[in-house]
Amino acid sequence: MELPVASDGVRPSSCRKPTPARFEDSGFYQHYGDKSDALTGYETLDAPPHYDFYANTEVWGRRRRFRPSLYQLHAKPEDDCRPPMYEETTAGPTESSDDEEETTEPPPEPTRFGWVQGVMCLQIRCMLNIWGVILYLRLPWITAQAGVGLTWVIILLSSCITGITGLSTSAIATNGKVKGGGTYFLISRSLGPELGGSIGLIFAFANAVAVAMHTVGFAETVTDLMSEHGAVMVDRINNIRIIGIVTVTCLLGISMAGMAWESKAQILFFLVIMVSFVNYIVGTIIPASPEKQSKGFFSYRADIFAANFVPDWRGPEGSFFGMFSIFFPSATGACVVRDAACIYLFYFIFFPGACVVRDASGLLNDSLTSSSADCVGLSCNYSWDFTECINNKSCLYGISNYYQMMSLVSGFAPLITAGIFGATLSSALACLVSAPKVFQCLCQDKLYPLIGFFGKGYGKNQEPIRGYLLAYIIAVCFILIAELNTIAPIISNFFLCSYSLINFSCFHASVTNSPGWRPSFRFYSRWLSLLGAVCCVVIMFLLTWWAALIAVGVVVFLLGYTLYKKPDVNWGSSVQAGSYSFALNQCVGLNSVEDHVKNYRPQCLVLTGPPSRRPALVDLVSCLTKSLSLMMCGNVLLTEKLETDSRHVSWLNQRKVRAFYRGVVAADLRSGVNVLLQGSGLGRMKPNVVLMGFKSDWSRSSPEAAHSYIGILHDAFDLQFGVCVLRMREGFDVSPPRRSHVKSEETTSVCIGPEPQLDSAFQKKQGKKTIDVYWLSDDGGLTLLLPYLLTRRRRWSSCKVRVFVGGDPDRKEEVLALIKKFRLGFHDVEVLPDVYQNPQPESVRRFQDLIGPFSVDPDPKQDPGSGLGRQQEEPWRISQQDVERNQAKTLRQIRLNEVLKDYSRDAALIVITMPVGRTGVCPSMLYLAWLDFLSRDLRPPVLLVRGNQENVLTFYCQ
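For the protein, an unreviewed UniProt entry supplies the name Solute carrier family 12 member 3 and the organism Amphiprion ocellaris. The record held by UniProt for the protein lists under Sequence similarities (unreviewed entry) the comment "Belongs to the SLC12A transporter family." Quoted verbatim from the Subcellular location (unreviewed entry) field of the UniProt record, the comment on the protein reads "Cell membrane".

Spelled out as C-alpha cells, the structure:
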C-alpha cells in the first residue's frame, strides 16, 4: 500500500479536478495500493496507521511512505496542495526514476546471526565474563582472606548491584529501539549527551583495561606452568609482560577477522570451561593424595570449613572492600544473576573452603609420624606439620598463598589449565570487541573533538578497525603493570560509575513522568534504581577513593565541556523531560507568590519582527535581561499562514541570546501586537515592558501606518505595560542577503542556510563613555533601573552613569540623596535649570515644518465644521486647537532636543523619560512628531522610557 510522498509532485485526489465515478480511473488505487485495501467508497488522502510513518529507516526495494501533512488534508480543493515555502515537510528530496532503475543491487547488510550465534552467544558471552580470571585465579584466595561467610556477602552484594542494574537496563532498553553502542547508547539516549558521552568514554576505557586484566591472568597461569617445569625466560614480572603482549596481539587478529570468528571462538571456550568445572567438582570428591595433602588439600572436612568460615586478613589488600574491588569485575557480566550467584556460592567458595587449609608448605617430609604439642594449624589433625612455614610466613601453598588452587583440587589439572585459558582468553576477546564498538558509537555522535577519527567503520559490518588498535594500545599499557590485584580495583571503579549512571538514568526517566517513558519491561522500581545508584557511588569511594575521584573528575570535566559546547543533538532525553517538569512546577509555584517591588524584573516583549532583521534591538534588550528576566521576541505576520519558529529560535541560540520567540498572524500590525501584549507569557512569567524600534520613516509612510504605530503605544499603556522606544541614527532594520533557494517542478521551494549573524553597536565594548539618563518625569523608577542593569554587563561596566534632572540647582542634593537610597551606585547628578526655557525659533520653525503636512487647514469659504469632520475621518490630522492645547509639551520636547545635543554629544547611550500623549487630546501625528524631534540628529542611540507609573525601585527592606 503506497502513499503519496509530500515532495514527489503527486497531487492528492482532493486537489485534482473531478473525475468519473469509477475509482479505477481516478488514480486512487495508484496511491493506496490494491483495490482490496480500499475500505470506503470515498476517495480520501487520509492514510491508515503504518510502520513507515514512525520509522527513521528505509527498506531497500520499495519507496518509503509518508504521512500526508495537515496542510494537504485541510487545504481547499482548488488550491495547490503542496505546502507553502515556509512549511517544513518530513519528506526529503526524492530520487528520479532513472536513478532508481540504476540501483539494481541492495546495499550491503551487516552479518545476521541465527539463534545459536545470536541469542545463545550473547548469553555465553555473559557467562564467560562471569567465569573468568577472577573465578579461577582469585576466588579461592579471596575466600581465604575474607572467609567463606564474608565472601558470600561480597558475592551477594555484587549480585544485588548487578541485579538492580540489570532491571534498570531492561527498562531502558525496552523503552525504544536500541542500536549499537551498548551501555553508552542506553545512558546517552536516556540522560542525554552531557552524562552519556562521559560515561561512554569511561565504559569503553574500562573494557579496554579489562582486556589487560584477563590477559594478565592468562599470562600469570602460563608463567606458573613454566616455573613448575623449570622453563625460564627472564623473571616472573617480565614473563607476564611478554606473554601478555603476545597474547593480546593474537586476540587483536581474531577480533579484526570479524564477529563470526569471535562468536565461534566463544562457543569453543565455553565448552572447555564447562568440562573444567566438571573436572573440578570430581576432584573435590576424589581422596587426596599425599602430594596434594602436602599442599593443603584434605577433601571435605568440617573443621576446615569452620576455620575458613571466618576472615583472616593479610597483606595490603586485606580488607572487605579490598576483596570486593578485586572480585567485582567478574560480576559485571552477570546477566543471569541467580545462576551466577549459585555457582559462586556453592561450587567455588564452599568447595575450597571445606577442603583446603590456608597455609601449607608443599613439602612431603612435613608429614607427622606422631602427635606433637608444638604443631600449629589444622593440618596437625591430619598428620601434617606446617608449623615452620606458618611461623615464618613463608608457606607457598594453601588457599592464602597459591593462586592455582583449582588446578590442585581438580581431578585432572590440565583441564583446569585449559579452563583458565578458555575463561581468560574468551573474556579478553569479548572486552576487546565491545570496547571499540562502544567507542565507535560515541565517535559517530561527534560529542567531543579529535576522536572522530576512530568512528570510521570498515566492511559490511562497519568494523571499528581503528578502535581495535586504540583498545589494543590501552591494553598493552596496562599489561605492563603485570599485577592482577592492581588492575582489578581500577576496573571496579569505572564499572561502578557506569552502573551508577545506568540506575540513575532509569530513576530519572521514571520520576520525570514523561509520556515518552513507556518501557515494555515492567519489573523495575524507580526507588530501587535510585538505591542502586547511591550504593554504587558509596562503594566506589570505599574501594579506592583516589580512583573514584578520578572517575568522578572525568565525568564532571566532560559534563562541563558538553554543557559549554552544547552539541547539536536531540535524543529526547529524561534531562529534557525533567527540565520541562521543573520549569512547569516553578511557574505554577509562582502563582502563589505575590509581586513585590524588591523582586521586580523588567520582562521584555521586544517587537523585533524576524529577530535577524533587528539585531541591535535584540542585543540591547539581551543586555538588560540575560540571566535576569524574561525576553520574548514578537513577530506579527500579515499573511494567511504562520511560519515555523525553528529558524528564528536557531538564530537566537547561535547569537547566545536567551530569549523566546513568538509569532502571530494578524490582519494588521496593531491587532497583532495587541494579541502579543495580551497573550504572551505564562502565569507570572509574562512581559511587563514592551520595547520597540522608532518608526523613523513615519513622515514618508502612509498616515494610517503611523497612526497604527502610535495606537500600539496607547494599547500598551492601557494594558499597564512599561514602554521603551529605541532610536539609532543609522537605523537598526537590517535586510540580510537573500538566501539561496532550491526550486523544481517536483519540490517546494526550500530555504537553504541559516540566517546570517550580523554585528550591531551593542555587541561591542562601550569603553569609558557615559550613559546619560534624563530623569525628567517620575515613571516609577524604570528610567533609572534600566541603565543600572546595563552597567552590570561587562561591555557596559566601564561606562559612567550621569543623571540629569530639571529644576532649580538646589534640587541636586535632594535627588542625589534619593538615588543613594536606591543603592544604584550613581554619584553624578546634574540639574538643568534651563530645560524649561523656550527653544530657539529656528527649532520651532523646523518642528512646524515637520507637522505641516498633517495639519488641518480648512478653507475659509467652506463650513467651519468641515475641518472637524475631516479630522474625524482622518484622526491623525492635527488641528490648530490641538497645537494650542499641547503647546507647552511641544515646546518642551523641542527644547529637550537642544539640551541633548549640548550635553550628550559623546555619550554611549541616552536614556530619557518618554512623554505621554493623552488619548483624545494629542493626535497621533503630533505625538509621533514629539518623539521624532526629541531624539532627532543625535549621534548616540536614544532609549525613550516610560514606566507604568508604579514603583520598580524601593529603599525599604520589606
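Now that the structure is up, let's keep going.
Trainee: Describe the packing of aromatic side chains, listing the residues and the values that go with them.
Mentor: What characterises a pair of aromatic rings is the spacing of the ring centres plus the angle enclosed by the ring planes. Following the criterion strictly, the structure yields 30 aromatic pairs and no others. Look at phenylalanine 453 and phenylalanine 454: their rings are 5.3 Å apart centre to centre, the planes differ by 85 degrees, and that puts the pair in the edge-to-face class. Both rings, one in phenylalanine 804 and one in tyrosine 903, keep their centres 5.7 Å apart while their planes meet at 65 degrees; by these two values the pair is edge-to-face. Highlighted residues: phenylalanine 804 in strand 9 (residues 800-806) and tyrosine 903 in helix 32 (residues 887-903), separated in sequence by 99 residues. Among the residues examined, phenylalanine 804 registers a relative accessible area of 0% and is labelled buried. An aromatic cluster of at least three residues, connected via ring pairs, comprises Phe203, Phe324, Phe328, Phe495 and Tyr499. It is arginine 466 that lies over the ring of phenylalanine 453; its NZ or CZ is 4.0 Å from the centre.

Trainee: Requested: an account of the confidence of the model for the protein, with residues and values cited.
Mentor: Looking at the protein, pLDDT values average 81 and 81% of them are 70 or higher. Under a pLDDT of 50 for its full length, residues 334-338 has, in the predicted model, 8 contacts with residues more than four places off or in other chains. Ignoring residues within four places in sequence, the model shows residues 737-752, a span with pLDDT below 50, making 27 contacts including any to other chains.

Trainee: An account of the pairing of strand 2 (residues 631-637) is requested, with residue identities and associated values reported.
Mentor: Within strand 2, 7 of the 7 residues are buried, leaving the element largely enclosed by the surrounding structure. Covered by surrounding structure in strand 2 are Met631, Cys633, Asn635 and Leu637 together with Met632, Gly634 and Val636, the residues of both alternating faces. As paired strands, strand 1 (residues 604-607) and strand 2 are joined by 4 bridges and run parallel to one another. Looking across to strand 2, one finds that cysteine 604 is bridged to methionine 631. Between the parallel elements strand 1 and strand 2, the chain passes through helix 23 (residues 615-625) in a crossover that is right-handed. Taken together, the 6 bridges between strand 2 and strand 3 (residues 660-665) define a ladder with parallel strand orientation. Bridging from a neighbouring strand, cysteine 633 pairs with tyrosine 661 of strand 3.

Trainee: Could you give me a rundown of the packing of helix 8 (residues 193-228) against helix 9 (residues 236-256), with the residues and numbers involved?
Mentor: The relative placement of two packed helices is expressed as an angle between their axes plus a distance between the axes. Relative orientation of the contacting elements helix 8 and helix 9 amounts to 125 degrees, with a least axis distance of 8 Å. Our classification of the angle between helix 8 and helix 9 gives oblique. Crossing geometry of helix 8 relative to helix 9 is assigned as right-handed. Across the interface between the two elements, Val211, Thr215, Val216, Phe218, Ala219, Glu220, Val222, Thr223, Asp224 and Met226 from helix 8 touch Arg236, Asn239, Ile240, Ile243, Gly244, Thr247, Val248 and Leu251 from helix 9. Of the residues that constitute the contact of helix 8 with helix 9, the class distribution is 10 nonpolar, 5 polar and 3 charged.

Trainee: Tell me about the side chain of aspartate 366, and name the residues and values.
Mentor: Relative to the elements of secondary structure, aspartate 366 occurs in the loop between helix 14 (337-355) and helix 15 (387-392). One buried charged residue, aspartate 366, forms no salt bridge at all, with the nearest opposite charge on lysine 295 at 13 Å. In terms of polar contacts, aspartate 366 uses its side chain to reach the side chain of serine 361, at 2.4 Å. When residues no more than four places from it in sequence are discounted, the contact partners of aspartate 366 are Ser361, Trp384, Asp385 and Phe386.

Trainee: Residue-level account of the packing of helix 29 (residues 841-851) against helix 32, with values.
Mentor: Viewed as axis vectors pointing N to C, helix 29 and helix 32 meet at an angle of 120 degrees, and their least axial separation amounts to 10 Å. Relative to helix 32, helix 29 is oriented oblique. The crossing of helix 29 and helix 32 is right-handed. The segment helix 29 lies against helix 32, with Ser843, Val844, Arg846 and Phe847 engaging Thr890, Leu891, Ile894, Glu898 and Lys901. Residues belonging to the contact of helix 29 with helix 32 are distributed by class as follows: 4 nonpolar, 2 polar and 3 charged.

Calculation criteria
- Residues numbered from 1 in each chain as written.
- Predicted model: local features only at pLDDT ≥ 70, side-chain atom pairs only at ≥ 80, totals over all residues.
- Heavy atoms only, no water.
- UniProt positions renumbered as here; feature names shortened; annotations may be inferred.
- Phe/Tyr/Trp six-rings, centres within 6.5 Å; stacked < 30°, edge-to-face > 60°.
- Helix = DSSP H or I, 4+ residues; strand = E, 2+ residues; numbered from the N terminus.
- Buried < 20%, exposed > 50% of the residue type's maximum accessible area, 1.4 Å probe, protein only.
- Lys NZ or Arg CZ within 6 Å of the ring centre and 35° of its normal.
- pLDDT = per-residue confidence, 0-100.
- Contact = heavy atoms within 4.5 Å.
- Pairing = 2+ DSSP bridges.
- Right-handed = clockwise from strand over helix to strand, strands pointing away.
- Axes fitted to C-alpha atoms, helices over the stretch in contact; angles between N-to-C directions.
- Parallel < 35°, antiparallel > 145°, perpendicular 65-115°, else oblique.
- Left-handed = near helix turned anticlockwise from the far one by under 90°.
- Nonpolar A, V, L, I, M, F, W, Y, C, P; charged D, E, K, R; others polar.
- Lys, Arg positive; Asp, Glu negative; His and termini not counted.
- Salt bridge = Lys/Arg side-chain N within 4 Å of Asp/Glu carboxyl O.
- Polar contact = N/O pair within 3.5 Å; in protein donor to acceptor, adjacent residues only side chain to side chain.

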